[in-house]
Amino acid sequence: MALRPVQVNIKALDGLAVGRFWAEALGWSAYSPGVTTYVGPAGGLVWPDPVVVGVDVVPVPEPKTTTKNRVHLDLATTSAAHQAELVSRLKALGATAAHVGQGEVPWTVLADPEGNEFCVLEPREVYRDTGPIAAIVVDCADPRAMARFWGEAMDWTLHEVTDDQAVLRSARGVGPYLEFLRTPDVKTVPDRIHLDLLPYPGDDKAAEVARLRALGATDLDLGQGDVPWTCLADPEGHEFCVLAPS
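Residue numbers run consecutively from 1 along every chain, following the written order of its sequence. Per-residue local features are limited, in this predicted model, to residues with pLDDT of at least 70; the limit for side-chain atom pairs, both in listing and counting, is 80 or more; totals at the level of whole chains, interfaces and linings are taken over all residues. Values shown for side chains rest on all heavy atoms present in the structure; no hydrogens or waters enter the calculation.

### Concerning the sheet that holds strand β11 (residues 165-169)
In a beta sheet, neighbouring strands pair by backbone hydrogen bonds and run either parallel or antiparallel. By definition, two strands form a pair when at least two bridges between them are found by DSSP. Helix and strand assignments follow DSSP, with helices taken as H or I runs no shorter than four residues and strands as E runs no shorter than two, numbered in order from the N terminus. The mixed open sheet is built from eight strands, whose spatial order is β6-β7-β8-β5-β9-β12-β11-β10. Taken across any chain shown, the strands that pair with only one partner, and hence form the sheet edges, are β6 (96-97) and β10 (157-161). Both strand β7 (residues 108-111) and strand β8 (residues 117-120) contribute to a ladder of four bridges, which runs antiparallel. Note on β8: the bridge partner recorded for Thr108 is Val120.

### Notes on helix α2 (residues 80-92)
For α2, with 13 residues, the first-to-last C-alpha span of 19 Å sits near the 18 Å given by 1.5 Å per residue. Working definition: with a 1.4 Å probe on protein chains only, accessible area under 20% of the residue-type maximum means buried, over 50% means exposed, and in between means partly exposed. Three or more residues of α2 are buried, namely Gln83, Leu86, Val87 and Leu90. Considered in projection along α2, the buried side chains sweep an arc of 100° and stay on one side of the axis. For α2, the exposed residues set more than 90 degrees away from the buried face come down to Ala81 and Ala92. The elements touched by buried residues of α2 are α1 (15-26), β5 (71-75), β7 and β8. Positive phi appears at Gly94, one or two residues downstream of α2, with a value of about 120°. To estimate the expected span of a helix, count its residues, drop one, and scale the result by 1.5 Å. The arc refers to the directions leading from the helix axis to the C-beta atoms. Note on definitions: a residue-residue contact is assigned when non-hydrogen atoms from the two residues lie within 4.5 Å.

### Side note on the pairing of strand β9 (residues 133-140)
Two faces belong to every sheet, and in a regular strand the side chains alternate between them. The buried fraction of β9 amounts to eight of the eight residues, a majority that puts the element mostly inside the structure. Where β9 lies against strand β12 (residues 177-182), six bridges are found, and the strand directions are parallel. Pairing of Ala135 across the sheet is with Tyr177, part of β12.

### Some remarks on the pairing of β10
Direction of pairing for β10 relative to β11: antiparallel, over a ladder of four bridges. Bridge pairing in β11 links Thr157 to Arg169. Remark: three residues form the turn of the hairpin made by β10 and β11, two consecutive strands paired antiparallel.

Structure (structure tokens):
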């Protein structure tokens, strides 16, 4: 038994506009079959995608606070020219420069039109085959503990774990990495961005949720009411959802 991450959930005041921004940013398409806007590869809606981790933008009434998100996306580039072109194009689409204490670094920190921070990385060999999303990055206090929890929660492979960083990726070697980075600050507000996990066909969602609780996850009441998904928090309080197989 294990779960797979199928999408990054982003909350937004204007879900359709933010979804369109991320579709343009990633070179994908935006699909709005219901309340949310799903962003995935062009060519028609396929969910769950067998390779990529998509983006699902959910409209909410509350704007982002000024607090830096503890979950963000890193975008991959293939050359210095590609990085410069992508940064320029994203700014034309409504992205703005963001300052999160990064200092002089080779990557560029931006924020989407509603202030969600993300990075456009310089070319890195490790991300050459990830697709447009190089990594989903989570700030945390204890990468080793996060590696233990998430390594058991999902069917992804642990690539690296140190006191400062833990790195996981799909066992098939496709799609983005999931990275936990040690940071000195602590979580103070609900995450604006979180992961949605999905059981495999034939697996029991209730059993998976019970397994996660045994690993240290806790139930989360966000006012979601009676919904088919289950909201949980990992041992450091990062929210995530376990979706119901469709």
